[in-house]
Amino acid sequence: MRDNFSKYEPAVDKRLLVLLSGLVWGVVGVMLCHLAIGWLSQTTGDVAGYFAVSGAILSLLIHHFGFLKLADKNIERISAYDKDKVCIFAFQEWKSYLIIAIMVCMGIILRGSPLPKAYLSIIYIGFGGAMMLSSVRYFHVFFKLLFKK
């Protein structure tokens, strides 16, 4: 029965899966930072600079202590697959999709909350910057795998 469905599985090369992971992380990171910069552009004075620097520091911390380990874990998992072609949705663990859904919902709730957007920009720059920094790890591994063969 499994063989009948496997021909419909959207499978891609493992190297492409690593590239796709980096692209997804990078694009989402850019989107979050873009939102935050838009909010900061509406503030006056030196406040925007302080919030931007705070977000940048937060992004370094999130990257180093959280997302970098997660990216390495994902890369190891993708590399460990026996087959050369893997389901395109395997760039994250299945349980991670639940976490992603929760984070998206939290982002929607925060954007709709009465919290000033300038303060939210710190969080958005923190997570967005960390995602962009972590995407570099995927690109590095992709190019290593690309030129390996």
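Residues numbered from 1 in each chain as written. Predicted model: local features only at pLDDT ≥ 70, side-chain atom pairs only at ≥ 80, totals over all residues. Heavy atoms only, no water.

### As for the overall build of the protein
Okay, step 1: Per the secondary structure count, the protein includes 5 helices and 2 strands.
Okay, step 2: Listed by position from the N terminus, the elements making up the protein come as α-β-α-α-β-α-α.
Okay, step 3: Seen through its C-alpha atoms, the protein measures out along the principal axes to roughly 60 × 35 × 20 Å.
Okay, step 4: Residues classed as buried in the protein amount to 34% of the 149 residues present.
Okay, step 5: For the protein, long-range pairs separated by at least 24 residues make up 84% of all intrachain contacts whose partners lie at least 6 apart in sequence.
Okay, step 6: When the accessible area of the protein is evaluated, it comes to approximately 9600 Å², of which 72% is carbon and sulfur surface.
Okay, step 7: Mean positive and mean negative side-chain charge positions of the protein (16 and 9 charges, respectively) differ by 1 Å. (Helix = DSSP H or I, 4+ residues; strand = E, 2+ residues; numbered from the N terminus. Buried < 20%, exposed > 50% of the residue type's maximum accessible area, 1.4 Å probe, protein only. Contact = heavy atoms within 4.5 Å. Areas by Shrake-Rupley, 256 points an atom, 1.4 Å probe, with all protein chains shown as cover. Lys, Arg positive; Asp, Glu negative; His and termini not counted. Charge placed at Lys NZ, Arg CZ, Asp CG, Glu CD.)

### Focus: the nonpolar core
Okay, step 1: If you look at the biggest cluster of nonpolar residues, it comprises 28 residues, and the most contacted ones within it are Leu-17, Val-18, Leu-40, Phe-67 and Tyr-138.
Okay, step 2: Within the residue set of this core, elements represented by two or more residues are α2 (14–40), α3 (47–79) and α5 (117–148).
Okay, step 3: Tallying contributions element by element places α5 first for this core, with 10 residues.
Okay, step 4: Once residues lying within four places of it in the same chain are set aside, the contact partners of Tyr-138 are Val-18, Ser-21, Gly-22, Trp-25, Leu-70, Ala-71, Asn-74 and Ile-75. (Core = buried A, V, L, I, M, F, W, Y, C linked by side-chain atoms within 4.5 Å.)

### Section: the environment of Ser-21
Okay, step 1: Relative to the elements of secondary structure, Ser-21 occurs in helix α2.
Okay, step 2: The sequence separation of Ser-21 and Tyr-81 amounts to 60 residues, and the corresponding C-alpha distance is 15 Å.
Okay, step 3: Residues in contact with Ser-21, not counting those within four places in the same chain, are Ile-78, Phe-91 and Tyr-138.

### Details of the confidence of the model for the protein
Okay, step 1: Here the protein averages 88 in pLDDT, and 93% of its residues register 70 or above.
Okay, step 2: Here helix α1 (residues 2–6) is the element of the protein with the lowest mean pLDDT, 58, and α5 is the one with the highest, 94. (pLDDT = per-residue confidence, 0-100.)

### Focus: the environment of Ala-36
Okay, step 1: If you trace the backbone, Ala-36 turns up in helix α2.
Okay, step 2: Separated by 87 residues in sequence, Ala-36 and Ile-123 place their C-alpha atoms 8.5 Å apart.
Okay, step 3: Other than its neighbours up to four places away in sequence, Ala-36 contacts Ser-121, Tyr-124 and Ile-125.

### Considering the pattern of salt bridges
Okay, step 1: Evaluated as defined, the whole model comprises 2 salt bridges.
Okay, step 2: One salt bridge connects Asp-13 with Arg-15, and the closest N-O pair in it is separated by 3.0 Å.
Okay, step 3: Accessibility expressed as a relative area gives 25% for Arg-15, which makes it partly exposed.
Okay, step 4: With a closest N to O distance of 2.9 Å, Arg-137 and Asp-72 form a salt bridge. Highlighted residues: Arg-137 in helix α5 and Asp-72 in helix α3, separated in sequence by 65 residues.
Okay, step 5: Exposure remark for Arg-137: the relative accessible area of 30% places this residue in the partly exposed category. (Salt bridge = Lys/Arg side-chain N within 4 Å of Asp/Glu carboxyl O.)

### Things to note about the side chain of Ser-59
Okay, step 1: Tracing the backbone through its elements, the reader meets Ser-59 in helix α3.
Okay, step 2: Not counting residues up to four positions away in its chain, the partners in contact with Ser-59 are Ile-125, Gly-126, Gly-129, Ala-130 and Leu-133.

### Examining α3
Given 3.6 residues per turn, any residue in an α-helix points the same way as the ones three and four places further on.
Okay, step 1: The end-to-end C-alpha distance of α3 is 44 Å, a good match for the 48 Å that 33 residues give at a rise of 1.5 Å each.
Okay, step 2: Maximum bend of α3: about 50°, positioned at His-63. (Expected span 1.5 Å × (residues − 1). Bend = angle between axes of the 7 residues up to and from the residue.)

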